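# A closer look at the structure
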Amino acid sequence: MKKVTIRQSMALDYAGEEALNTICTNLAFAGRNLRKIVFTSNLQSEGKSWMAMHVLANLAQRGRKVILVDADMRRSFLMQRYKMEAEGEVFGLAHYLTGQCELEDAVYETNLDGACLIPAGRDVTNPVSLVDTPFFKQMLDALSEKFDMVIVDTPPIGMVIDAAEIAASCDGTVLVLDYNKTRIREIRECKRQMEQSGTPVLGCIINKVSFASLSAKKYYNKSYYSHYRSGYYRKENGEKA
């Protein structure tokens, strides 16, 4: 298996580690049959790729065999953002789905023990045509037989339909939402679109939360890490998403 080295530091402070531990524990308890999990968001820059990478690292540290599939074939920055260096010519999901390589050519072992990666590969103008096929689902099913969990990072559902198409081949969805930006009606629409795929929304990760602003978390230092909320997001007045 080819290798890719992640040069960007994955270290978190205490608050971040505890938040990630909570998220990964909830995912582990979600059920044995939930092995292909979509990570998406409403809009860009809400932290879905950051979260997917850190969930990958956290689960690998727990001894799980995990793979991250970068399915954002429109404009992925994952390899650049984490300063990844791969051996030889880089193949990815787009290359595999268009028949330019075999699956094993697109799977990379990372320098995080137990963690593997399928890069997005080259940019694709219309990736829906590639993921809305039995071939894509067969690939994910094959990966789920080899790995304890398959994490699929998708484009934001609030911008393009790719995430819903991809979710149709998966077992569950996690929404990553910006604490300071996402509105309740946008959460409802994200949830509606994802559930139309027939795949349940497992929960939301409320990202970019400053713990110093939360009375229950004031013993933490000021940070920007995440809460995992199983079920529906609720406003203070009790309104359901």
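Below, the structure is looked at part by part. (Residues numbered from 1 in each chain as written. Predicted model: local features only at pLDDT ≥ 70, side-chain atom pairs only at ≥ 80, totals over all residues. Heavy atoms only, no water.)

### Thoughts on the side chain of Ser197
- Here Ser197 shows up in the loop between α9 (184-195) and β9 (201-210).
- Among the polar contacts listed, one links the side chain of Ser197 to the backbone oxygen of Met194, at a separation of 2.5 Å.
- For Ser197, the side chain forms a polar contact with the main-chain nitrogen of Thr199, separated by 3.3 Å.
- Dropping the residues within four chain positions of it, Ser197 is found in contact with Ala164, Ala167 and Ala168. (Helix = DSSP H or I, 4+ residues; strand = E, 2+ residues; numbered from the N terminus. Polar contact = N/O pair within 3.5 Å; in protein donor to acceptor, adjacent residues only side chain to side chain. Contact = heavy atoms within 4.5 Å.)

### What to know about the environment of Asn180
- Its place among the elements puts Asn180 in the loop between β8 (172-178) and α9.
- Residue Asn180 is classed as exposed on the basis of its relative accessible area of 59%. (Buried < 20%, exposed > 50% of the residue type's maximum accessible area, 1.4 Å probe, protein only.)

### Thoughts on the packing of aromatic side chains
- A complete count under the given rule lists one aromatic pair for this structure.
- Residues Tyr96 and Phe135 carry aromatic rings whose centres are separated by 5.2 Å and whose planes lie at 25° to one another, so their mutual orientation is stacked. On the criterion of sequence distance, the pair formed by Tyr96 in helix α4 (residues 93-97) and Phe135 in helix α7 (residues 134-146) is long-range, its members being 39 residues apart.
- You can call Phe135 partly exposed: its relative accessible area is 37%.
- The aromatic ring of Phe147 is capped on one face by Lys65, whose charged end is 5.2 Å from the ring centroid. (Phe/Tyr/Trp six-rings, centres within 6.5 Å; stacked < 30°, edge-to-face > 60°. Lys NZ or Arg CZ within 6 Å of the ring centre and 35° of its normal.)

### Brief notes about the pairing of β8
- The buried fraction of β8 is high, at seven of seven residues.
- Alternating positions in β8 separate into two faces, Gly172, Val174, Val176 and Asp178 on one and Thr173, Leu175 and Leu177 on the other, with burial throughout.
- Relative to β8, strand β2 (residues 36-41) is paired through five bridges, and the arrangement is parallel. Pairing of Thr40 across the sheet is with Leu175, part of β8. (Pairing = 2+ DSSP bridges.)

### Examining the pattern of salt bridges
- Enumeration according to the criterion identifies nine salt bridges in this entry.
- Note that Asp141 is salt-bridged to Lys36, the shortest N-O span being 2.5 Å. Pair noted here: Asp141 is in helix α7 and Lys36 is in strand β2, with a separation of 105 residues, a long-range link.
- The partner of Lys48 in a salt bridge is Asp72, with the nearest N and O atoms 3.9 Å apart. Linking Lys48 in helix α2 (residues 48-61) with Asp72 in the loop between β3 (66-70) and α3 (78-81), this pair joins segments that are 24 residues apart in sequence. Per residue, the accessibility class of Lys48 equals that of Asp72, and both read buried. (Salt bridge = Lys/Arg side-chain N within 4 Å of Asp/Glu carboxyl O.)

### Quick look at unusual backbone geometry
- Backbone geometry places Ser45, a non-glycine residue, at a positive phi of 65°.
- With respect to the helices and strands, the residue Ser45 is situated in the loop between β2 and α2.
- Given the relative accessible area of 56%, Ser45 is considered exposed.
- The residue Lys83 is not glycine, and still its phi comes out positive at about 50°.
- Checked against the element boundaries, Lys83 lands in the loop between α3 and β4 (84-86).

### Notes on the nonpolar core
- In terms of nonpolar packing, the biggest core is built from 76 residues, with Phe39, Val55, Leu143 and Ile151 touching the most fellow members.
- In terms of residue count, the dominant contributor to this core is α2 (eight residues).
- The contacts of Ile151, once residues within four sequence positions are left out, are Ile37, Phe39, Ala52, Val55, Leu56, Leu59, Val66, Ile67, Leu68 and Val69. (Core = buried A, V, L, I, M, F, W, Y, C linked by side-chain atoms within 4.5 Å.)

### Some remarks on the layout of surface pockets
- Its boundaries defined by the atoms lining it, the largest pocket holds a volume of some 400 Å³.
- Every residue lining the largest pocket is counted, 23 residues in all, and those nearest its centre are Gln44, Ser45, Lys48, Asp72 and Arg81.
- Taken together, the elements giving at least two residues each to the lining of the largest pocket come down to α2 and α3.
- Sorting elements by how many residues they give to the lining of the largest pocket places α2 first, with three residues.
- Among the residues making up the lining of the largest pocket, the classes are represented as nine nonpolar, six polar and eight charged. (1 Å grid on protein atoms, 1.4 Å probe; cavity = no way out; pocket = protein on both sides within 12 Å on 5 of 7 lines; lining within 4 Å. Points joined across faces, edges and corners; volume = space filled by probe spheres on them. Nonpolar A, V, L, I, M, F, W, Y, C, P; charged D, E, K, R; others polar.)

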